[in-house]
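# Residue-level structure breakdown
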Amino acid sequence: MNRARWARYWDRKSDRYDAEMMRWDQRLFGDSRPWACSKARGEVLEVAVGSGLNLPHYPPDVQLTGVDFSTKMLDLAAERAASLNRAIRLLRADAQRLPLADNSFDTVVCTFGLCAIPDNEAALDEITRVLRPDGLLILVDHVVSTSRFIRAGQWLVERITVPLAGEHFLRRQLPLVRARGYTIVQAERFRHGLVERLVATRLR
Ligand SMILES: C[S@@+](CC[C@H](N)C(=O)[O-])C[C@H]1O[C@@H](n2cnc3c(N)ncnc32)[C@H](O)[C@@H]1O
């Protein structure tokens, strides 16, 4: 599926994104945004930054760069940053091919992005390339459930969401992160394993 089509999809969805996502945050994801962002340090890259819902949760002393391929989502992130008086460099770019130098970030954060990025493995390769070896990778996402009944539902839902919205429900990032040489420093899974959040590093 081509990149321009999905960027247009997210442009169209941007108007209702915050309202929808805030409901999911309350129902399912809990305190995952502050959980993830409070651990960030130094030069921070947020991949698939979207409308910037994480921005209020970063420590004040980090230097933020946000990447997304939807112009309208980036516009919302810029507005949010301005209203918070928070400096951020925003780049319109494909997470599968980041226009950023090797080893240039201390932390990479990605929340609810790897379920939507068409090639999540390519994005993880790019994240690994730009993250310093002693850097922190912080991920939060909905993943394939530990319950086989819910998994069956996720399989059914994906028949619709993957072709129409590019949204995957059967992915799990943790094994892909391990396969790239990271050590998992912290991992939590809840709501029948539907939500997983993790912190990983390659130096241990
Ligand atoms: C579900 S939203 C998550 C936004 C934000 N991370 C959050 O936590 O609210 C998914 C985001 O991924 C972005 N996205 C999807 N595929 C992408 C890609 N290949 N490169 C950059 N951004 C992408 C979309 O534009 C959208 O903003």
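The following paragraphs examine the structure supplied in this document. Everything quoted here is computed from the prediction, not taken from an experiment.

## Quick look at the site of the ligand
Around the ligand sit 21 residues, and of these Tyr 17, Ala 48, Asp 68, Ala 95 and Thr 111 come closest. The separation between an oxygen atom of the ligand and a polar side-chain atom of Asp 68 is 2.5 Å. Take Asp 94: an N or O atom from its side chain is 2.8 Å from a nitrogen atom of the ligand. Of all the cavities here, the one that holds the ligand is the largest pocket.

## Regarding the packing of helix H1 (residues 3-29) against helix H3 (residues 71-84)
In contact at an axis separation of 7 Å, H1 and H3 are set at 35 degrees when each is read in the N-to-C sense. Seen from H1, the contacting residues are Trp 10, Asp 11, Ser 14, Tyr 17 and Asp 18; seen from H3, they are Thr 71, Lys 72, Met 73, Leu 76 and Arg 80. Class assignment of the residues belonging to the contact of H1 with H3 gives a composition of 4 nonpolar, 2 polar and 4 charged.

## Observations regarding the pattern of salt bridges
Counted by the stated rule, this structure contains 14 salt bridges. The residue Arg 197 makes a salt bridge to Glu 188 at a minimum N-O spacing of 2.9 Å. A single network of salt bridges, built from pairs that share partners, joins Lys 13, Arg 16 and Glu 20.

## Let's talk about H3
Helix length check: H3 (14 residues) gives 20 Å between terminal C-alpha atoms against 20 Å at 1.5 Å per residue, within 8%. Listing the buried residues of H3 in full gives Met 73, Leu 74, Ala 77, Arg 80 and Ala 81. Each buried residue of H3 sits inside an arc of 120 degrees when the element is viewed along its axis, so together they form one side. In H3, the exposed positions angled more than 90 degrees off the buried face are occupied by Glu 79, Ala 82 and Ser 83. Phi turns positive one or two residues past the end of H3, at Asn 85, with a value near 60 degrees.

## Here's the deal with the packing of H1 against helix H5 (residues 148-165)
In the contact formed by H1 and H5, the axes pass within 10 Å of each other and the chain directions differ by 100 degrees. Here H1 lies roughly perpendicular to H5, going by the angle between them. Touching Arg 5, Trp 6 and Tyr 9 of H1 are Val 162, Pro 163, Leu 164 and Ala 165, all from H5. Among the residues forming the contact of H1 with H5, the class breakdown is 6 nonpolar, no polar and 1 charged.

What counts as what
- Residues numbered from 1 in each chain as written.
- Predicted model: local features only at pLDDT ≥ 70, side-chain atom pairs only at ≥ 80, totals over all residues.
- Heavy atoms only, no water.
- Near = heavy atom within 4 Å.
- Polar contact = N/O pair within 3.5 Å; in protein donor to acceptor, adjacent residues only side chain to side chain.
- 1 Å grid on protein atoms, 1.4 Å probe; cavity = no way out; pocket = protein on both sides within 12 Å on 5 of 7 lines; lining within 4 Å.
- Sits in = over half its atoms within 2 Å of the grid points.
- Axes fitted to C-alpha atoms, helices over the stretch in contact; angles between N-to-C directions.
- Helix = DSSP H or I, 4+ residues; strand = E, 2+ residues; numbered from the N terminus.
- Contact = heavy atoms within 4.5 Å.
- Nonpolar A, V, L, I, M, F, W, Y, C, P; charged D, E, K, R; others polar.
- Salt bridge = Lys/Arg side-chain N within 4 Å of Asp/Glu carboxyl O.
- Expected span 1.5 Å × (residues − 1).
- Buried < 20%, exposed > 50% of the residue type's maximum accessible area, 1.4 Å probe, protein only.
- Arc of directions from axis to C-beta.
- Parallel < 35°, antiparallel > 145°, perpendicular 65-115°, else oblique.

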